[in-house]
Amino acid sequence: MFQKILIANRGEIAVRIIRACREMGIETVAVYSEADAEALHTQLADEAVCIGPAPSKDSYLNMEQIISATIVSGADAIHPGFGFLSENSKFVELCEQCHITFIGPNSDVIRKMGHKAEARNTMIQAGVPVIPGSKEPIYDAKTGAKIAEEIGYPVIVKAALGGGGKGMRVAQNADEFEASFQTAQKEAEMAFADGTMYIEHFVQHPRHIEFQILADSYGNVIHLGERDCSIQRNHQKMIEESPSAAISDTLREKMGQAAIKAAKAAHYVNAGTIEFLLESNEQFYFMEMNTRIQVEHPITEWITGIDLIKEQIRIADGKRLSYTQDQVKISGHAIEVRINAERPEENFLPCPGTITGLHLPGGKGVRIDSAIYSGYTIPPYYDSMIAKISVWAKNRREAIQKMQSALGEVIIEGVDTNVNYQYALLNHPDFLAGNIDIEFIDRIQQEA
Ligand code: MV4
């Protein structure tokens, strides 16, 4: 087993990984930017190495610095967390060349799944349901318009290297197509230096349902149920829950098997997520594969009892999965709420600053993943998420009540947060009824 792991991340996920390592008897190395000298991950790790100035591109995205820190500290492996370099195939290639174990899939799989059009074709080949769309890459609006006609409007134009909403535009009809295509392509060229596009029929009012999978290097693949992540704003998830109120045991079995098929088709190893769009008629379609641990992994840990970070480390060390599919028992209901330092009333403007007073909730079935403390100054350079509150209860109704009680306890002084906004979402009649889809936030913003 690894003796020492370097954590190429910051904030709550870095702390989460340090905890898993410590429980496994593995030493930890934190890396930190000049803005993070006082950060919790820097203080909690066994060792900490400064890797550069505050901006991410100079520190947490600086591959050479992170590789150097790994070699100098004598770490055997790197855990990338999420964001930053976690899905960067170049970085993983660099690790492979330096004989450093990257705790995640190999660079080929990351590259393949990062190319969304290629991932789509892999899934078609494997017999995983995908949204009706183009088979060949599209480079110009004229060709695109012909294919859109065949697919049937409305359509969505997507960047081959996109994901997470960048380089994506809907066209309701043929009149709108050219402008939508050009805008999406320009955005793609700017963001990914690549204007390769593909087109899909636009699915209306779906839910975002993702399946957690685990795969070892012996070809064993299991799924750990779904997370319903339909409550999003500008492609930022706000509330996640598991199980989904929309999924019966039969549908879970069907989608779970499709997720396993998808992971096998990708020759996937480690923890990953298969994203689906789910229509109200129970039709589901593969959308993307995420090749990293995700922000919302705690709700899967709640309902399965499986420590996903420990499993990632074991898999990377060449161990077999600790569980067979039969041993995975989904029990109760979990909800996660993301707490951001921001002002919902000012279009969710980020609100960095010093935390002058702090009380976070606790009690049975309440979990906090956070790296803030009283006196901590949230730097302006990074993501505004400062804590995740997750709860577990026997059923959805009790989980919502527990989350409301937990949110009611939160005291964060010195910076503004979205705590009250999240409380209101949990009280919305449609949320309470489980009537949610990806347009939920847009709808209630209209109501407000
Ligand atoms: C879609 C779609 C509807 N139809 N594809 C959003 C980000 C990227 N993962 C793909 N996305 C979408 N793809 C088809 N064919 C709707 C979205 C989408 C979305 C998906 C999940 C959660 C929130 C969303 C918000 C807007 C659009």
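Just so you know, these numbers come straight off a predicted model, no measurement behind them. (Residues numbered from 1 in each chain as written. Predicted model: local features only at pLDDT ≥ 70, side-chain atom pairs only at ≥ 80, totals over all residues. Heavy atoms only, no water.)

S.K.: Please clarify how the site of the ligand should be interpreted in this entry.
M.R.: Taken together, 18 residues surround the ligand, and among them Lys-158, Glu-200, His-201, Val-203 and Glu-288 come closest. One of the side-chain nitrogen or oxygen atoms of Lys-158 is found 2.9 Å away from a nitrogen atom of the ligand. One of the backbone N or O atoms of Val-203 is found 2.9 Å from a nitrogen atom in the ligand. Compared with its free state, where it exposes 530 Å², the ligand has 90% of that area covered by protein. Listing elements by their share of the shell around the ligand, those giving two or more residues are strand S6 (155-163), strand S8 (197-201), strand S12 (270-278) and strand S13 (284-290). Class assignment of the residues belonging to the shell around the ligand gives a composition of eight nonpolar, six polar and four charged. (Near = heavy atom within 4 Å. Polar contact = N/O pair within 3.5 Å; in protein donor to acceptor, adjacent residues only side chain to side chain. Areas by Shrake-Rupley, 256 points an atom, 1.4 Å probe, with all protein chains shown as cover. Helix = DSSP H or I, 4+ residues; strand = E, 2+ residues; numbered from the N terminus. Nonpolar A, V, L, I, M, F, W, Y, C, P; charged D, E, K, R; others polar.)

S.K.: How should the pattern of salt bridges be read in this particular structure?
M.R.: If charged atoms from side chains of opposite charge come close, those side chains can pair. One pass over the full model with this rule turns up 33 salt bridges. Residue Arg-16 is joined to Asp-307 by a salt bridge in which the shortest nitrogen-to-oxygen separation is 2.8 Å. Of this pair, Arg-16 sits in helix H1 (residues 11-23) while Asp-307 sits in the loop between helix H10 (297-304) and helix H11 (308-316), placing them 291 residues apart in sequence. The shortest N-O distance in the salt bridge between Arg-367 and Glu-301 comes to 2.7 Å. Taken as a pair, Arg-367 in strand S19 (residues 366-370) and Glu-301 in helix H10 lie far apart in primary sequence, 66 residues in all. In terms of burial, Arg-367 and Glu-301 fall into one category: buried. One network of salt bridges, with partners in common, ties together Glu-210, Arg-227, Lys-237, Glu-240, Glu-296 and Arg-338. (Salt bridge = Lys/Arg side-chain N within 4 Å of Asp/Glu carboxyl O. Buried < 20%, exposed > 50% of the residue type's maximum accessible area, 1.4 Å probe, protein only.)

S.K.: Any chance you could explain the sheet that holds S8 here in plain terms?
M.R.: Working definition: the strands of a sheet are paired by backbone hydrogen bonds and lie parallel or antiparallel to each other. Sheet architecture is open: three strands sit in the order S7-S6-S8, paired in antiparallel fashion. Each edge of the open sheet carries a strand with a single partner, namely strand S7 (166-171) and S8. Across the sheet, the mean angle separating the axes of adjacent strands is 25 degrees when strand polarity is ignored. Where S6 and S7 come together, five bridges link them in antiparallel fashion. Following the sheet pairing, Lys-158 is matched in S7 by Met-168. Set on the sheet, helix H8 (residues 174-192) makes contact with S6, S7 and S8; between it and S7 the angle comes to about 175 degrees. (Pairing = 2+ DSSP bridges. Axes fitted to C-alpha atoms, helices over the stretch in contact; angles between N-to-C directions. Contact = heavy atoms within 4.5 Å.)

S.K.: How should the side chain of Thr-304 be read in this particular structure?
M.R.: Here Thr-304 lies in helix H10. Note on Thr-304: relative accessible area 14%, which makes it buried. A polar atom in the side chain of Thr-304 sits 2.7 Å from the backbone oxygen of Thr-300. Sequence-distant contacts of Thr-304, defined by excluding residues within four places in its chain, comprise Leu-224, Val-328, Lys-329 and Ile-330.

S.K.: What is the right way to look at the packing of H1 against H11 in this model?
M.R.: Two elements in contact, H1 and H11, have axes separated by 9 Å at closest approach and are oriented at 65 degrees. Seen from above, H1 lies across H11 with right-handed handedness. In contact with Arg-16, Ile-17, Ala-20, Cys-21 and Glu-23 of H1, H11 contributes Leu-308, Ile-309, Lys-310 and Ile-313. Among the residues forming the contact of H1 with H11, the class breakdown is six nonpolar, no polar and three charged. (Left-handed = near helix turned anticlockwise from the far one by under 90°.)

S.K.: Honestly, the environment of Ala-424 in this entry has me stumped. Any pointers?
M.R.: Residue position: Ala-424 is located in helix H13 (residues 419-426). When the C-alpha positions of Ala-424 and Glu-149 are compared, they lie 42 Å apart, and in sequence the two are 275 residues distant.

S.K.: Looking at this structure, I do not really get the packing of aromatic side chains. What am I missing?
M.R.: Ring pairs (aromatic) are described by centroid distance and by the angle formed between their planes. Under the criterion given, the structure shown has nine aromatic pairs. Judged by centre distance (5.6 Å) and plane angle (80 degrees), the rings of Tyr-60 and Tyr-382 are edge-to-face. With a gap of 322 residues between them, Tyr-60 in the loop between strand S3 (47-52) and helix H3 (63-73) and Tyr-382 in the loop between strand S20 (377-378) and strand S21 (385-393) connect regions that are remote in the sequence. Like Tyr-382, Tyr-60 is buried. Ring centres 5.4 Å apart and planes at 85 degrees place the aromatic pair Phe-276 and Phe-284 in the edge-to-face group. Among the aromatic side chains, those forming a connected cluster through ring pairs are Tyr-60, Phe-84, Tyr-381 and Tyr-382. Its end group placed over the ring of Phe-431, Arg-396 keeps NZ or CZ at 4.7 Å from the ring centre. (Phe/Tyr/Trp six-rings, centres within 6.5 Å; stacked < 30°, edge-to-face > 60°. Lys NZ or Arg CZ within 6 Å of the ring centre and 35° of its normal.)

S.K.: Could you clarify how one ought to interpret empty space enclosed by the protein in this entry?
M.R.: Tallied over the full model, the rule gives three cavities of 30 Å³ or more. Estimated volume of the largest cavity: approximately 50 Å³. Residue lining of the largest cavity: Lys-116, Lys-158, Ala-159, Gly-162, Gly-163, Lys-166, Gly-167, Met-168, Tyr-198 and Glu-288, and that is the complete set. Counting residues per element, the ones that place at least two in the lining of the largest cavity are S6 and S7. (1 Å grid on protein atoms, 1.4 Å probe; cavity = no way out; pocket = protein on both sides within 12 Å on 5 of 7 lines; lining within 4 Å. Points joined across faces, edges and corners; volume = space filled by probe spheres on them.)

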